[in-house]
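One-letter residues, chain by chain:
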Amino acid sequence: QVQLVESGGALVQAGGSLRLSCAASGGTFNAYAMGWFRQAPGKERESVAAISWGGGSTYYSAAVKGRFTISRDNIKNTVYLQMNDLKPEDTAIYYCAGKHSSHAVIAPLDGVNYWGKGTLVTVSS
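Residues numbered from 1 in each chain as written. Predicted model: local features only at pLDDT ≥ 70, side-chain atom pairs only at ≥ 80, totals over all residues. Heavy atoms only, no water.

Trainee: Could you give me a rundown of the state of the cysteines, with the residues and numbers involved?
Mentor: With the rule as written, the count across this model stands at one disulfide. One disulfide in the model links Cys-22 with Cys-96; its S-S distance is 2.1 Å. Disulfide Cys-22-Cys-96: torsion about the S-S bond near -80°, hence left-handed. Residue Cys-22 is found in strand E3 (residues 18-25), and its partner Cys-96 is found in strand E9 (residues 92-100); the two are separated by 74 residues along the sequence. (Disulfide = S-S within 2.5 Å. Helix = DSSP H or I, 4+ residues; strand = E, 2+ residues; numbered from the N terminus.)

Here it is, written out as structure tokens:
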């Protein structure tokens with residue numbers, strides 16, 4: 001059973017930066033495409049970014065493209081989300097997700113097999 005544990009959430013001022021991390025254990029990390037999702041209060045969960053098993057392809061939502069960067073380290077079994085120029089509307093719980101896939105990532109991650117429990121990001125204005 002794969003376990004995903006997020007970290008790095010914090011309170012930050014608008015315009016600031018944060019890096020989220022998601023450590024995976026219990027499985028073959030490089031067999032999974034990985035993604036980040038978020039859920040703001042009163043809203044549905046939405047896809048933020050995704051990365052293929054080898055890191056060769058990525059996807060970003062329109063809301064974060066150009067500000068966020070997803071990356072992975074298959075030696076450390078960790079996926080990252082670098083968030084720059086944060087805005088109050090980025091406030092949400094951020095979830096890490098994994099999906100068995102050997103394909104390129106060109107769209108939001110669907111058919112997720114594993115979820116983390118989330119880490120809270122709060123951006124003050």
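Trainee: Let's hear about the side chain of Ser-57: which residues, and what values?
Mentor: Relative to the elements of secondary structure, Ser-57 occurs in the loop between strand E5 (46-51) and strand E6 (58-60). Take Ser-57: its relative accessible area is 15%, and that puts it in the buried class. (Buried < 20%, exposed > 50% of the residue type's maximum accessible area, 1.4 Å probe, protein only.)

Trainee: Break down the environment of Ser-102 for me, citing the residues and quoting the values.
Mentor: Among the secondary structure elements, Ser-102 is positioned in the loop between E9 and strand E10 (114-115). Take Ser-102: its relative accessible area is 56%, and that puts it in the exposed class. For the pair Ser-102 and Tyr-114, spaced twelve residues apart in sequence, the C-alpha to C-alpha distance is 16 Å.

Trainee: Any details on the sheet that holds strand E7 (residues 68-73)? Residues and values, ideally.
Mentor: Across the sheet, which stays open at both edges, the four strands sit in the order E1-E3-E8-E7 with antiparallel pairing between neighbours. Edge strands, defined here as strands with exactly one partner in the open sheet, are strand E1 (3-7) and E7. Taken pair by pair, the neighbouring strands of this sheet meet at an average axis angle of 15°, ignoring direction. Relative to strand E8 (residues 78-83), E7 runs antiparallel, the two sharing six bridges. Residue Asp-73 lies in a different strand from E8, and its bridge partner there is Thr-78. (Pairing = 2+ DSSP bridges. Axes fitted to C-alpha atoms, helices over the stretch in contact; angles between N-to-C directions.)

Trainee: Quick one: what's the story with the side chain of Ser-21, residue by residue and with numbers?
Mentor: Along the polypeptide, Ser-21 turns up in strand E3. The contacts of Ser-21, once residues within four sequence positions are left out, are Val-5, Glu-6, Ser-7, Trp-36, Thr-78, Val-79 and Tyr-80. (Contact = heavy atoms within 4.5 Å.)

Honestly, it's all geometry; don't read function into it.
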